[in-house]
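Below, each chain spelled out in residue letters.
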Amino acid sequence: MQKETIIKNYLPPFTAVLIILLLWQISVMLLSIESWFLPSPVNIIAELINSYKILFEHSLITFFEIIVGLVISILISLLISGLIFWFKSFEKTIYPLLITSQIIPVFTLAPILIVWFGTGLFSKVIIIVLFTFFPLVINLVTAIKNVDIDMIRMFNSHGSTKLQMYKKLYFPSILPNFLSGCKVACVISVIGAVIGEWIGSSSGLGWVMKISGPQFQTSRVFASILCLSVIAILLFFLVVSIEKKLLRKYPL
Amino acid sequence: MLKELLKKEEQKNNNLINIKNINFNFYDETILSGINLKISSGEFVSVIGPSGCGKSTLLNIIAGITKPKTGEILVEGKLVNIGDKISYMQQKDLLLPWRNVSENAALGLELKGFSEQYIQDKISLYSKDFGLEKYLEYMPHELSGGLRQRVAFLRSVIVDNPIMLLDEPLGSLDAITKSTLHEWLMKMFSKFSKTIILVTHDIDEAILLANRVVVMTTNPGRIIKEYLVDRKLVDKRDITSNYFIQLKKDIIKDLSL
């Protein structure tokens, strides 16, 4: 990338963040706000450095839960959209259930899931899956339905087999939508993990936040939020880099 | 002597495509009723008719991608697998946006399972005739409508099927591009000696390109008339000759019945 484009692309958001942080720091200092009420950015960074061991340890736990949850979620969504694609009646059967699963606030389900599946990894993974599979399925099903009927005809008129059509038409057509579904899923999976850890756990960033709040370790809460954001951003850019690689092969 | 004569006579009657008694319904509505058409090798047949007369459906049936209610399509007297003898080109160019020109042109051959080397050789051979050798690395969105359509033609022609079905392939192009492509098309088809069925609603196009014009009508879709076009009397550019105008008048009369 050209130096100029880098500056053009990254300078505005970078400046905006910098200005917000500066304003924050200055107001905390000028209004002499106590750090248990609202820590300044400098306080948060100090906390991050002081307790990096705890934060890193629990970040890894949360990160692991998210990865497992996302992978399972992607597999489930591929299965469901595949079934919807192959069996027309399955769509009618599953759609009301899918919608219902989204109407019930997952937050209210979390305590029940903890009762059923314990406070281990499994209950968190289920919560993450419940959070993330819906946008994945919706994106996939929409993409499958949007494959141009005339393209399908064109493939058929060449005597294409089903497998050839999946590989050469469906896969590349669906890819962009699938990846944008993945991006959404990455970001919201973090929420799922935190909820799971908040309600029943003795580890993970959600748990760190939950126990730090009542102890007025506000800067640790903020530091945890920062770690969560980093996880979300990392995951997001992971998908973006996969996207760039794949779309170089199948550009649109 | 007699045997040879008989053989010659047989060849004369030997139709490349035999469209036998095609009927097609869409729910309760009859779309096509009793379509019979014999086309011999090297013919260029235009099928013309009002919209809704089922001419595109007829092409889908000939291509094998739509099953008729009754009837069959025979090529050299036999039923054939989809894509084995017949290439089908639709109105939209249907280029895959994630493939460049050469990869798009290769699709038909790829689906038939030819080796990469064979496909590459064939594309470099054909792309010269199609004036596409400069564009092989281009993506579809970088090409003009006329060029895109040419790539679609290349994709259809390169599989070497003797029969080509064209569903208003120039319908989406502007008049100037259309007329240059007309001439070019005629050149290509005679060069690759194809038998062609063209579906169109443009009467000029139907007469200019074909040596037989089949007129269809609607409700239900059926063939009402056929005209043989004397190619010697139709100049590619001249749509004002008496012969052309008379033919056009006759067809318009048929269509307005």
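Keep in mind the model is a prediction, meaning the values are calculated, not measured.

Teacher, can you tell me more about the nonpolar core here?
Inside soluble globular proteins, nonpolar side chains tend to come together where they are buried. Membership of the largest hydrophobic core comes to 43 residues, with the highest contact counts inside it found for Ile66(A), Phe155(A), Leu169(A), Tyr170(A), Ile174(A) and Leu96(B). It is helix H8 (residues 162-199) of chain A that provides the largest number of residues to this core, a total of 13 residues. Apart from the residues within four sequence positions on either side, Phe155(A) is in contact with Ser160(A), Met165(A), Lys168(A), Leu169(A), Leu96(B), Leu107(B) and Leu111(B). Core analysis: the next-biggest nonpolar cluster, separate from the first, contains 38 residues, Tyr126(B), Leu154(B), Val159(B) and Met186(B) among them.

Is there a simple way to think about helix H9 (residues 205-212) of chain A in this case?
One full turn of an α-helix is made of 3.6 residues, so residues set three or four places apart face in the same direction. Along H9(A), the residues that are buried comprise Leu205(A), Gly206(A), Val208(A), Met209(A) and Ser212(A). Relative to the axis of H9(A), the buried residues are bounded by an arc of 160 degrees and lie together on one face.

Mind showing me how you'd approach the sheet that holds strand S3 (residues 44-48) of chain B here?
What holds strands together in a sheet is hydrogen bonding between their backbones, with the strands either parallel or antiparallel. All names here are of chain B. On the basis of which strands lie adjacent, the open sheet formed by 6 strands has the order S5-S6-S7-S3-S8-S9 and mixed pairing. Two strands bound the open sheet, and with one partner strand each, they are strand S5 (86-89) and strand S9 (222-228). Taking the axes of each pair of neighbouring strands and ignoring which way they run, one obtains an average angle of 20 degrees across the sheet. By the bridge criterion, 4 bridges tie S5 to strand S6 (residues 163-167) in an arrangement that is parallel. Across the sheet, residue Tyr-88 finds its bridge partner in S6, namely Leu-165.

Honestly, the environment of Met154(A) in this entry has me stumped. Any pointers?
Note on placement: Met154(A) falls in helix H7 (residues 149-157). Looking at Met154(A), the relative accessible area reads 2%, which means it is buried. Filtering out sequence-adjacent residues up to four positions away, Met154(A) remains in contact with Gln90(B), Leu94(B), Leu107(B) and Arg155(B).

Would you explain the sheet that holds strand S1 (residues 17-26) of chain B in this entry?
Residues and elements named next belong to chain B. In space, the 3 strands of this open sheet follow the order S2-S1-S4, with antiparallel pairing throughout. The sheet is open, and its two edges are formed by strand S2 (29-39) and strand S4 (70-75), each paired on a single side. On average, adjacent strands in this sheet sit at an angle of 15 degrees to one another, irrespective of strand direction. In this structure, S1 lies alongside S4, joined through 5 bridges in antiparallel fashion. Along S4, the bridge assignment pairs Ile-19 with Ile-73.

It is not clear to me how the packing of aromatic side chains should be interpreted in this structure. Could you clarify?
Note on aromatic pairs: each is described by the distance of the centres and the angle between the planes. The full count for this structure, using the stated rule, is 16 aromatic pairs over all chains. Between Phe130(B) and Phe192(B), the aromatic rings sit 6.1 Å apart at their centres with planes inclined by 35 degrees, giving tilted as the arrangement. Taken together, the residues span a long stretch of sequence, with Phe130(B) in the loop between helix H4 (116-129) and helix H5 (145-157) and Phe192(B) in the loop between helix H6 (175-191) and strand S7 (195-200) at a distance of 62 residues. Between Tyr135(B) and Tyr138(B), the ring centres sit 5.2 Å apart and the planes meet at 75 degrees, which makes this aromatic pair edge-to-face. In this structure Tyr135(B) comes out as buried when scored by relative accessible area, which is 18%. An aromatic cluster is present here, built from Phe85(A), Trp86(A), Tyr166(A) and Tyr170(A) joined pairwise through their rings.

I would appreciate a short explanation of the packing of H5(B) against H6(B) in the present structure.
To characterise two packed helices, one gives the angle between the axes of the helices and the distance between these axes. Residues and elements named next belong to chain B. The geometry of H5 relative to H6 is characterised by a closest axis approach of 11 Å and an angle of 20 degrees between their N-to-C directions. When the interaxial angle is binned, H5 and H6 end up roughly parallel. Seen along the crossing, H5 lies across H6 with a hand that is right-handed. Contacts between H5 and H6 pair Gly-146, Gln-149, Arg-150 and Phe-153 from the former with Thr-177, Leu-181, Trp-184, Leu-185 and Phe-189 from the latter. Residues belonging to the contact of H5 with H6 are distributed by class as follows: 5 nonpolar, 3 polar and 1 charged.

I'm lost on the environment of Gly200(A) in this one. Help?
Within the element layout of this structure, Gly200(A) appears in the loop between H8 and H9. Ignoring sequence-local partners within four residues, the contact set of Gly200(A) consists of Ile114(A), Thr119(A) and Lys124(A).

Can you walk me through the domain arrangement of chain A in this structure?
Where the parts come together, the accessible area they lose is often given as the size of the interface. Residues and elements named next belong to chain A. When the domains of chain A are assigned, the result is domain 1 (1-32) and domain 2 (36-249). Using C-alpha coordinates to define each centre, domain 1 is positioned 29 Å away from domain 2. Listed as interface residues are 4 residues of domain 1 and, on the opposing side, 7 residues of domain 2. Of all residues in domain 1, Trp-24, Gln-25 and Val-28 give up the largest surface area on contact with domain 2, accounting jointly for 91% of the area buried on that side. Linking domain 1 with domain 2 are 0 salt bridges. Joining domain 1 to domain 2, the criterion identifies 3 residue pairs in polar contact (both at pLDDT 80 or more). Here the side of domain 1 that touches domain 2 is built from residues that sort into 3 nonpolar, 1 polar and no charged.

Looking at this model, I keep getting lost on the pattern of salt bridges. Mind explaining?
A side chain of one charge can pair with a side chain of the opposite charge when the charged atoms of the two come close. According to the stated counting rule, one finds 18 salt bridges over all chains in the structure shown. Between Asp150(A) and Lys92(B) there is a salt bridge, with the nearest N and O atoms lying 2.9 Å from each other. In this pair, Asp150(A) is assigned in helix H7 and Lys92(B) in the loop between S5 and helix H3 (101-111), connecting two distinct chains. For Lys168(A), the salt bridge is made with Glu110(B), and the minimal N-O distance between the two is 2.6 Å. Of the two residues, Lys168(A) sits in helix H8 while Glu110(B) sits in helix H3, which places them in two different chains.

Please clarify how the environment of Gln25(A) should be interpreted in this entry.
The residue Gln25(A) is located in helix H1 (residues 3-30) in this model. Residues Gln25(A) and Ile76(A), spaced 51 residues apart in sequence, show a C-alpha to C-alpha distance of 45 Å.

Quick notes on the rules
- Residues numbered from 1 in each chain as written.
- Chains lettered and ligands numbered in written order.
- Predicted model: local features only at pLDDT ≥ 70, side-chain atom pairs only at ≥ 80, totals over all residues.
- Heavy atoms only, no water.
- Core = buried A, V, L, I, M, F, W, Y, C linked by side-chain atoms within 4.5 Å.
- Buried < 20%, exposed > 50% of the residue type's maximum accessible area, 1.4 Å probe, protein only.
- Helix = DSSP H or I, 4+ residues; strand = E, 2+ residues; numbered from the N terminus.
- Contact = heavy atoms within 4.5 Å.
- Arc of directions from axis to C-beta.
- Pairing = 2+ DSSP bridges.
- Axes fitted to C-alpha atoms, helices over the stretch in contact; angles between N-to-C directions.
- Phe/Tyr/Trp six-rings, centres within 6.5 Å; stacked < 30°, edge-to-face > 60°.
- Parallel < 35°, antiparallel > 145°, perpendicular 65-115°, else oblique.
- Left-handed = near helix turned anticlockwise from the far one by under 90°.
- Nonpolar A, V, L, I, M, F, W, Y, C, P; charged D, E, K, R; others polar.
- Domains from an automatic or database assignment.
- Buried area = accessible area lost by both parts, 1.4 Å probe.
- Salt bridge = Lys/Arg side-chain N within 4 Å of Asp/Glu carboxyl O.
- Polar contact = N/O pair within 3.5 Å; in protein donor to acceptor, adjacent residues only side chain to side chain.

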